[in-house]
Amino acid sequence: EPEVTQTPSHQVTQMGQEVILRCVPISNHLYFYWYRQILGQKVEFLVSFYNNEISEKSEIFDDQFSVERPDGSNFTLKIRSTKLEDSAMYFCASSRQGANLYEQYFGPGTRLTVT
Amino acid sequence: QQQVKQSPQSLIVQKGGISIINCAYENTAFDYFPWYQQFPGKGPALLIAIRPDVSEKKEGRFTISFNKSAKQFSLHIMDSQPGDSATYFCAASEDTDKLIFGTGTRLQVFP
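Along every chain, residues carry numbers that run from 1 in the direction the sequence is written. For naming, the first written chain is A and the first written ligand is 1, with later ones following in the order written. Confidence filtering applies because this is a predicted model: local features only for residues at pLDDT of at least 70, side-chain atom pairs given and counted only at 80 or more, and all residues used for totals across whole chains, interfaces and linings. The basis for every side-chain value is the complete set of heavy atoms in the structure, and neither hydrogens nor water enter the calculation.

Caption draft 1: Structural detail: the overall build of chain A. Helices and strands together make up the secondary structure of chain A, namely zero helices and 11 strands. In DSSP terms, a helix is any run of H or I states spanning at least four residues, a strand is any run of E spanning at least two, and both are numbered starting from the N terminus. Seen in sequence order, chain A has helices and strands lined up from the N terminus as β-β-β-β-β-β-β-β-β-β-β. Both definitions apply: the radius of gyration is a C-alpha atom measure, and the globule rule equals 2.2 Å times residues to the power 0.38. The C-alpha atoms of chain A give 13 Å as radius of gyration, which agrees with the globular expectation for 115 residues (13 Å, within 12%). The buried label applies to any residue whose accessible area, calculated with a 1.4 Å probe on protein chains only, is under 20% of its type's maximum; exposed applies above 50%, and partly exposed to all values in between. Relative to its 115 residues, chain A shows a buried fraction of 45%. Every accessible area reported is derived by Shrake-Rupley at a probe size of 1.4 Å, with residue values counting cover from the shown protein chains alone. A total of about 5,800 Å² of accessible surface is found on chain A, and carbon and sulfur atoms cover 45% of it.

Structure follows, in structure tokens:
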């Protein structure tokens, strides 16, 4: 069964450093998402991406964040200058169609620890 | 108005019992309501989903009940098993790309 994969599983970085989180969505999916989950809290939407551009972003997704689909398989989230409060689990998700039309499938997540 | 309120925060059920988790929303434009199951250290996994044109959907031991007028929906897990012990999130979406998640319910099923 196809699945969303994410690397690395755990990333430790120092405050102010740049990090890139990587995702390989399910191959025939067209919509891609990043969510985050601070420990013990709910899952929060960050950004959605379709047709090589951002289709929607949340208030959390400020100028420090960017997303890219550098090739036909990878989808990345970059945080330019990490802050302590960026420490969270980051989940990539993909969907064949938009959020309200088709199921979103989540990857296993990357735990980001900012020290 | 974008919030989805979920209760209870935690739930303890004996094996074979029924687990019931409730969610409420305000935004009447929401038209897709999935439930996700999350085990520790894993990503959310889609369990079951419903649209507002039906009042109930059943898949195996899992049932969603949907009350459009009350703007509430609930997940029922029949014959709960220890393997069902996980955190459950309700979510909602309108004609946009994002899922709005509830705060989660930690379910523990004891033998």
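Caption draft 2: Structural context of the pairing of strand 6 (residues 53–57) of chain A. All names here are of chain A. Sheet topology places strand 5 (residues 43–50) next to strand 6; four bridges connect them, and they run antiparallel. Note on strand 6: the bridge partner recorded for Tyr50 is Glu53. Pairing between strands requires that DSSP locate at least two bridges from one strand to the other. The turn linking strand 5 back onto strand 6 is made up of two residues, and Asn51 within it adopts a positive phi angle of 55°.

Caption draft 3: The arrangement of the packing of aromatic side chains in detail. What counts as a ring pair is set by centres within 6.5 Å for rings of Phe, Tyr and Trp (its six-membered ring), and what kind of pair is set by the plane angle: stacked under 30 degrees, edge-to-face over 60, tilted for all other angles. By the definition in use, this model includes 22 aromatic pairs over all chains. Among the aromatic residues, those joined into a cluster by ring pairs are Tyr33, Tyr35, Phe45, Phe91 and Phe106 of chain A together with Tyr36, Phe89 and Phe101 of chain B.

Caption draft 4: Quick peek at a nonpolar patch on the surface. All names here are of chain B. Excluding any residue in a salt bridge, patches collect residues exceeding 30% relative accessible area, merging like charges within 9 Å and nonpolar Val, Leu, Ile, Met, Phe, Trp and Tyr side chains within 5 Å. Salt bridge, as applied in this entry: a Lys or Arg side-chain nitrogen positioned within 4 Å of an Asp or Glu carboxyl oxygen. On the surface, Ile18, Ile20 and Met78 cluster together into a nonpolar patch covering about 240 Å² of accessible area. As for its position among the elements, Ile18 is in the loop between strand 2 (10–14) and strand 3 (19–25). Overall, the relative accessible area of 47% leaves Ile18 in the partly exposed class.

Caption draft 5: Molecular detail of the interface of chain B and chain A. A contact between two residues is defined here by any heavy atoms of the two lying within 4.5 Å. Taken together, the contact between chain B and chain A spans 21 residues of the former and 22 residues of the latter. At the surface where chain B touches chain A, the tally comes to one salt bridge. Whenever two N or O atoms come within 3.5 Å, that pair is a polar contact, provided that in protein one can donate a hydrogen and the other can accept it, and provided that, for residues adjacent in sequence, both atoms are side-chain atoms. Summed over the shared surface of chain B and chain A, the number is four residue pairs in polar contact (both at pLDDT 80 or more). Under the scheme applied here, ten amino acids are nonpolar (Ala, Val, Leu, Ile, Met, Phe, Trp, Tyr, Cys and Pro), four are charged (Asp, Glu, Lys and Arg), and all others, including Gly, are polar. Split by residue class, the side of chain B that touches chain A holds seven nonpolar, seven polar and seven charged.

Caption draft 6: Expanded view of the side chain of Ser94 of chain A. Residue and element names in this part refer to chain A. Of note, Ser94 is situated in strand 9 (residues 88–95). Overall, the relative accessible area of 0% leaves Ser94 in the buried class. Each residue touching Ser94, except ones within four places of it in the same chain, is listed here: Val4, Pro25, Ile26, His29, Tyr31, Phe32, Tyr33, Glu103, Gln104 and Tyr105.

Caption draft 7: Structural view of the pattern of salt bridges. All names here are of chain B. With the rule as written, the count across this model stands at six salt bridges over all chains. With a shortest N-O distance of 3.8 Å, Glu26 and Lys71 are connected by a salt bridge. Within this pair, whereas Glu26 is found in the loop between strand 3 and strand 4 (33–38), its partner Lys71 is found in the loop between strand 7 (62–67) and strand 8 (72–77), the two being separated by 45 residues in sequence. A salt bridge links Arg61 to Asp84, with the shortest nitrogen-to-oxygen separation between them at 2.8 Å. Here the residue Arg61 occupies a position in the loop between strand 6 (56–59) and strand 7, and Asp84 occupies one in the loop between strand 8 and strand 9 (86–92), the gap between them amounting to 23 residues. Relative accessible area serves as the criterion here: at 27%, Arg61 is assigned to the partly exposed category.

Caption draft 8: Quick look at the side chain of Thr63 of chain B. Residues and elements named next belong to chain B. With respect to the helices, strands and loops of the structure, Thr63 is situated in strand 7. For Thr63, a relative accessible area of 9% gives the class buried. Apart from the residues within four sequence positions on either side, Thr63 is in contact with Glu56, Lys57, Lys58, Ser74, Leu75 and His76.

Caption draft 9: Seen up close, the state of the cysteines. Residue and element names in this part refer to chain B. We call a pair of cysteine sulfur atoms a disulfide when they lie within 2.5 Å. Within this structure, the stated rule accounts for two disulfides over all chains. Cys23 shares a disulfide with Cys90; S-S distance 1.9 Å. Looking along the S-S bond of the Cys23-Cys90 disulfide, the torsion reads about -95°, which is the left-handed sense. In this pair, Cys23 sits in strand 3 while Cys90 sits in strand 9, placing the two residues 67 residues apart along the sequence.

Caption draft 10: Main features of the sheet that holds strand 7 (residues 65–68) of chain A. Residues and elements named next belong to chain A. Judged by pairing direction, the sheet is antiparallel, and its four strands sit side by side in the order 1-3-8-7 without closing on themselves. The two strands at the open ends of the sheet, each matched to only one other strand, are strand 1 (5–7) and strand 7. Between one strand axis and the next, the sheet turns through 20° on average, direction left out of account. Alignment of strand 7 against strand 8 (residues 75–79), held across four bridges, turns out to be antiparallel. By the bridge assignment for strand 8, Ser66 is matched with Lys78. All axes are obtained by fitting lines to C-alpha atoms, using only the stretch in contact for helices, and the reported angles, taken between N-to-C directions, cover 0 to 180 degrees.

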